[in-house]
Amino acid sequence: MANLVESQRLFQTALSLMPGGVNSPVRGWGAVGLTPPPLLVRGAGARVYDVDGNSYLDFIGSWGPLILGHAAPEVVAAVQETAARGLGFGASTPGEVDLAKLLVEAVPSLEMVRLVTSGTEACMSALRLARGASGRPRLIKFDGCYHGHADSFLVSAGSGVLTQGIPGSPGVPREIAALTLSLPYNDLKAVKEAVRRHPGEIAAVIVEPVAGNMGVVLPQPGFLEGLRQLCHQEDIILIFDEVITGFRVAWGGAQALYGVTPDLTCLGKIIGGGLPVGAYGGRRDLMSQMAPAGPIYQAGTLSGNPVAVAAGLATLKALQKPGTYEQLEEKGAWLAQELARAAARQHLDLTVNRLGSLLTPFFTRGPVHDLEDARRADLQKFRQFFQGMLAAGIYLPPSQFEAWFISLAHEPQDLEAAAAAARQVWSKR
Ligand SMILES: *Cc1c(COP(=O)(O)O)cnc(C)c1O
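Residues numbered from 1 in each chain as written. Predicted model: local features only at pLDDT ≥ 70, side-chain atom pairs only at ≥ 80, totals over all residues. Heavy atoms only, no water.

Participant: Lay out the overall build of the protein with the relevant residues and their values.
Facilitator: Secondary structure summary: the protein contains 15 helices and 14 strands in total. On C-alpha atoms alone, the protein measures out to a radius of gyration of 21 Å, which is about the 22 Å that the 2.2 N^0.38 rule sets for 429 residues. Expressed as a percentage of the 429 residues in the protein, the buried residues total 56%. Taking contacts inside the protein between residues at least 6 apart in sequence as the whole, the part at least 24 apart equals 72%. For the protein, the accessible surface area stands at approximately 17,900 Å², while carbon and sulfur atoms represent 53% of it. Averaging the positions of the 36 positive and the 38 negative side-chain charges in the protein gives two centres separated by 3 Å. (Helix = DSSP H or I, 4+ residues; strand = E, 2+ residues; numbered from the N terminus. Rg over C-alpha atoms; globule rule 2.2 N^0.38 Å. Buried < 20%, exposed > 50% of the residue type's maximum accessible area, 1.4 Å probe, protein only. Contact = heavy atoms within 4.5 Å. Areas by Shrake-Rupley, 256 points an atom, 1.4 Å probe, with all protein chains shown as cover. Lys, Arg positive; Asp, Glu negative; His and termini not counted. Charge placed at Lys NZ, Arg CZ, Asp CG, Glu CD.)

Participant: Run through the nonpolar core, naming residues and quoting values.
Facilitator: Membership of the largest hydrophobic core comes to 46 residues, with the highest contact counts inside it found for F59, L335, F385 and W426. For this core, the elements supplying multiple residues, two or more each, are β3 (55-58), α12 (324-345), β12 (358-362), α14 (379-391), β13 (394-395), β14 (404-405) and α15 (412-427). Of the residues forming this core, the biggest block, seven residues, is contributed by α15. Lining this core are residues from two domains, each supplying at least three of them: domain 1 (5-71 + 322-427) and domain 2 (73-319). Setting aside anything within four residues of it in sequence, one finds F59 in contact with L335, I394, Y395, L396, P397, A403, W404, F405, I406, H410, L415 and A418. (Core = buried A, V, L, I, M, F, W, Y, C linked by side-chain atoms within 4.5 Å. Domains from an automatic or database assignment.)

Participant: Requested: an account of the domain arrangement of the protein, with residues and values cited.
Facilitator: Each assigned domain of the protein is listed here: domain 1 (5-71 + 322-427) and domain 2 (73-319). At the boundary of domain 1 with domain 2, total buried surface from both sides reaches about 2,900 Å², with 66% on carbon and sulfur atoms. Connecting domain 1 to domain 2 are zero salt bridges. Taken together, domain 1 and domain 2 are joined by twelve residue pairs in polar contact (both at pLDDT 80 or more). Looking at the side of domain 1 that touches domain 2, the elements that each hand over two or more residues are α12, β11 (351-355), β12 and α13 (371-375). (Buried area = accessible area lost by both parts, 1.4 Å probe. Salt bridge = Lys/Arg side-chain N within 4 Å of Asp/Glu carboxyl O. Polar contact = N/O pair within 3.5 Å; in protein donor to acceptor, adjacent residues only side chain to side chain.)

Participant: Report on the sheet that holds strand β4 (residues 112-116), specifying residues and quantitative values.
Facilitator: A sheet is described by the order of its strands in space; here seven strands give the open sequence β4-β10-β9-β8-β7-β5-β6, paired in mixed fashion. Edge positions in the open sheet fall to β4 and β6 (180-183), since each of these has one partner strand only. Along the sheet, successive strands turn relative to each other by an average axial angle of 20 degrees, direction set aside. Sheet topology note: the strand β8 (residues 237-241)/strand β9 (residues 264-267) ladder contains three bridges and is parallel. Residue pairing across strands places D241 opposite C266, the latter belonging to β9. Taken strand by strand, helix α4 (residues 119-134) contacts β4, β5 (138-142), β7 (202-207), β8, β9 and β10 (278-282), and its axis lies near 165 degrees from that of β9. (Pairing = 2+ DSSP bridges. Axes fitted to C-alpha atoms, helices over the stretch in contact; angles between N-to-C directions.)

Participant: So, the sheet that holds β12: which residues are in play, and what are the values?
Facilitator: Reading across from one edge, β11-β12-β14 is the order of the three strands in this open sheet, with antiparallel pairing throughout. The outermost strands of the open sheet, each flanked by one partner alone, are β11 and β14. Here five bridges tie β11 to β12, and the two strands are oriented antiparallel to one another. What sits directly across from T351, in β12, is F362.

Participant: Give a detailed account of the site of the ligand, specifying residues and quantitative values.
Facilitator: The full set of residues close to the ligand is S118, G119, T120, Y146, H147, G148, E208, N213, D241, V243, I244 and K269. Contact distances for the ligand include 2.6 Å between an oxygen atom and a side-chain N or O atom of T120. Take N213: an N or O atom from its side chain is 3.1 Å from an oxygen atom of the ligand. Summarising the interface, the protein chains cover 82% of the accessible area of the ligand, which totals 380 Å² for the free molecule. (Near = heavy atom within 4 Å.)

Participant: Got a sec to walk through the pattern of salt bridges? Specific residues and values, please.
Facilitator: Summed over the entire model, instances satisfying the criterion amount to 15 salt bridges. Here E338 makes a salt bridge to R423, at a shortest N to O gap of 3.6 Å. Separated by 85 residues along the polypeptide, E338 in helix α12 and R423 in helix α15 bring together distant segments of the chain. Notably, a salt bridge pairs K381 with D378, separated by 3.4 Å at the nearest N-O pair. We classify D378 as partly exposed; its relative accessible area is 28%. A single network of salt bridges, built from pairs that share partners, joins R228, D263, R283 and D285.

Participant: Pulling in residues and values, what's your account of the environment of P209?
Facilitator: Examined against the element boundaries, P209 turns out to sit in the loop between β7 and α8 (223-234). For P209, a relative accessible area of 0% corresponds to the buried category. C-alpha of P209 to C-alpha of Y185: the two residues are 24 residues apart in sequence and 10.0 Å apart in space. For P209, the contacting residues outside a window of four places in its chain are Y185, P219, L224, F240, D241, E242, T245 and A254.

Participant: Can you tell me about the pairing of β5, naming the residues and giving the values?
Facilitator: The buried fraction of β5 is high, at five of five residues. Neither face of β5 is exposed, since R138, I140 and F142 on one face and L139 and K141 on the opposite face are all buried. Bridging between β5 and β7 involves three bridges; their strand directions are parallel. Counterpart to L139 in the pairing with β7 is A204. Pairing of β5 with β6 involves four bridges; the strand directions are parallel. Residue pairing for β6: K141 is matched across the bridge by S182.

Participant: How would you sum up the pairing of strand β1 (residues 40-44)? Please name residues and give values.
Facilitator: Here β1 pairs with strand β2 (residues 47-50) via four bridges, running antiparallel. Paired with G43 across the bridge in β2 is V48. If you look at the hairpin formed by β1 and β2, you'll find two residues sitting between the two strands, and G45 has a positive phi there, around 60 degrees.

Right, here's the structure in full:
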């Protein structure tokens, strides 16, 4: 195991200063039986470096934003140049107009958009809009999907809530939680049944069009199309949470890839290029109801911050170059295939779910189509795998229920190194 003396020292201090020593629960390494997590001081391309001088091949990529890799020169340059002209004004800027225009052109459902500062804020605001516009109270979501930490979404949520095994929704009033119906992913019948049981009461259905927060789970053929049709029939607002998938699985997101257009879309992560940007948008008649154009309120001191917007724009412009998504697909396909092969050779039950550069190897025979399937994964095996990979210098999401993120900066030899490490770990079982 790497020398983590300085990380250990700092994390001890962190534990006394911050809950669990971290500023976001997914950064804790409790689920993989390791403390401290290495404290990182630098990133370059596909690698990160910790305070003790160890380096790792990174498959987290800041949990999705860094699709170009760490410290991509064009993004850093845009940030430096913009920052030197002022860090923010709390007033409109040309960059916001550029980013809004690019988003509206790229994402099929967006006729108008509002920039915010996180994915949480995007989802929370989209839900408020759906409730305000429809006059209805209830929300349908899916087990294992994560839409940020606003009250209404912390019901059978994914990501850190799932990894930490947090029961129910402490801190969320029962009355609020009761308005959220959480149903199995990929189960269209359950959605129809819920809609039938609550006629005229469902404001919105929110879904990750490709789930990434219980590990990667793909929509089964007909699931997204079925949601679209049902929502249309029942006057329910369909929200795609594309905070991960937006500009990750395709230019324009999963909705462009699958050809299913929601009423509202939430974005985040990649569109901020590593700095805090979120966005929600969609049908003009809905978005026009947001203040100050309309009566539904949502605001933000740092919304559309010029430095963050510059990072997002530089990232999207780099992604717009020809061949980027083909490269991401190739990298993802190669790694997924090598992992599956290596596991098969050792007669290890492994199901690799993947779309483009997003993947999760689940330690189960599979298939994995929903949270119940994902929960069948052998977490002890995952923990051993994680520890073995870390010892080989591969930095993975410290949870079975998270996606791996491959970036354009991952070279073939990096992917080979990850595959070789996995072979090594599994051969020693
Ligand atoms: C990360 C994520 C969010 C929340 O975004 P934050 O910027 O962490 O608030 C919402 N939805 C999905 C699908 C996410 O992956």
